[in-house]
Amino acid sequence: PDIDNSSIINKTLTGAKNKDIIIFPNGKFPIHHPIQQLNKALRWEGQEDSNIIAGMDCEGVIFSTNEALRSEINRINFINNYGYSTKTGIRISQVIKISDCEIKGWGEYGIIVSADIATLGANSDSSFCRFDDLFISGCNKGGMYFQGGDANQCNIYHVDIRDCGGMAFDDNSFLGNKFFGCMVHNCVGSYAARQDSNRAEFFGCYAEMGCSPVILHGRS
């Protein structure tokens, strides 16, 4: 845990070309500073047990681009062993697909999708992201949070969120997103769609173990 891998990972991402594949072997990769992938479309590939482990007050990974590029993350876990920090695991303002990952122990949210071209600039568009088979747990503020005018039309499949101190799925985007077969267990809240313009849809989603309330506005 005293070894900081953030510099070498960031150098690798900076030197990579669009559509390159970055392979994370089995093992633990402690970071003391955020990982930032900017203006690139890359594919991160983990193996059976690839883990990025953040320090106490370190943001995890930040993805943003000013082009219509889609990145991918597969089979990499993002862990913070210090849940009382104020940081988020994965912060997204580009189009991305994330699958088969665990996001655990973050002080704020597991994942934030924050995108609004009108207020945050042309490099902030996350419409049509996709999230498949994720396990998010132990995050103090909540599991997944969507905000802004261009964090819409994302598809979220089979995401399991447990033991979080806030709303598990919190959709504060302009038009809303689609959630398929998602599960909430032992969180302060389960599903929220907050904007009056929101058209979020929830298909076959459920919650258990005291996960009220559900908050739906607009046409959700």
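Please refer to the structure higher up on the page.
Residues numbered from 1 in each chain as written. Predicted model: local features only at pLDDT ≥ 70, side-chain atom pairs only at ≥ 80, totals over all residues. Heavy atoms only, no water.

Our focus in this paragraph is the side chain of Asp170. The residue Asp170 is located in strand E16 (residues 167–173) in this model. For Asp170, a relative accessible area of 6% puts it in the buried group. Beyond its immediate stretch of four places on either side in the chain, Asp170 contacts Met144, Tyr145, Phe146, Ala192 and Arg194. (Helix = DSSP H or I, 4+ residues; strand = E, 2+ residues; numbered from the N terminus. Buried < 20%, exposed > 50% of the residue type's maximum accessible area, 1.4 Å probe, protein only. Contact = heavy atoms within 4.5 Å.)

As a further point, take the sheet that holds strand E7 (residues 90–93). Overall, parallel pairing links the 8 strands, which are arranged E3-E5-E7-E10-E13-E16-E19-E22 in an open sheet. Of all strands in the sheet, those with a lone pairing partner are strand E3 (35–38) and strand E22 (215–216), marking the two edges. Here E3 runs beside strand E5 (residues 61–64); their pairing, made up of 4 bridges, is parallel. What sits directly across from Gln36, in E5, is Ile62. (Pairing = 2+ DSSP bridges.)

A few words on the pattern of salt bridges. Evaluated as defined, the whole model comprises 9 salt bridges. Note that Glu201 and Lys178 form a salt bridge whose closest N and O atoms lie 3.5 Å from each other. Pair noted here: Glu201 is in strand E20 (residues 201–203) and Lys178 is in strand E17 (residues 178–180), with a separation of 23 residues, a long-range link. Note on Glu201: relative accessible area 32%, which makes it partly exposed. Residue classification places Lys178 among the partly exposed positions, given a relative accessible area of 25%. (Salt bridge = Lys/Arg side-chain N within 4 Å of Asp/Glu carboxyl O.)

What follows concerns unusual backbone geometry. Even without being a glycine, Lys19 presents a positive backbone phi close to 75°. Its identity as a non-glycine residue notwithstanding, Asp133 has a phi of 55°, on the positive side. Within the fold, Asp133 resides in the loop between strand E11 (130–132) and strand E12 (135–137). By relative accessible area, Asp133 is classed as partly exposed at 40%.

Attention now goes to the packing of aromatic side chains. The description of two aromatic rings rests on the distance between their centres and on the angle between their planes. Using the criterion set out here, one finds 12 aromatic pairs in the structure. Ring centres 5.3 Å apart and planes at 55° place the aromatic pair Trp44 and Phe63 in the tilted group. One end of the pair, Trp44, is in strand E4 (residues 43–54); the other, Phe63, is in strand E5, with 19 residues separating them in the sequence. Taking 4.8 Å as the distance between ring centres and 10° as the angle between the ring planes, the aromatic pair formed by Phe179 and Phe202 counts as stacked. Within this pair, whereas Phe179 is found in strand E17, its partner Phe202 is found in strand E20, the two being separated by 23 residues in sequence. The class for Phe179 is buried, based on a relative accessible area of 1%. Here the aromatic cluster, defined as three or more aromatic residues joined through ring pairs, consists of Phe131, Phe146, Phe169, Phe179, Tyr191 and Phe202. (Phe/Tyr/Trp six-rings, centres within 6.5 Å; stacked < 30°, edge-to-face > 60°.)

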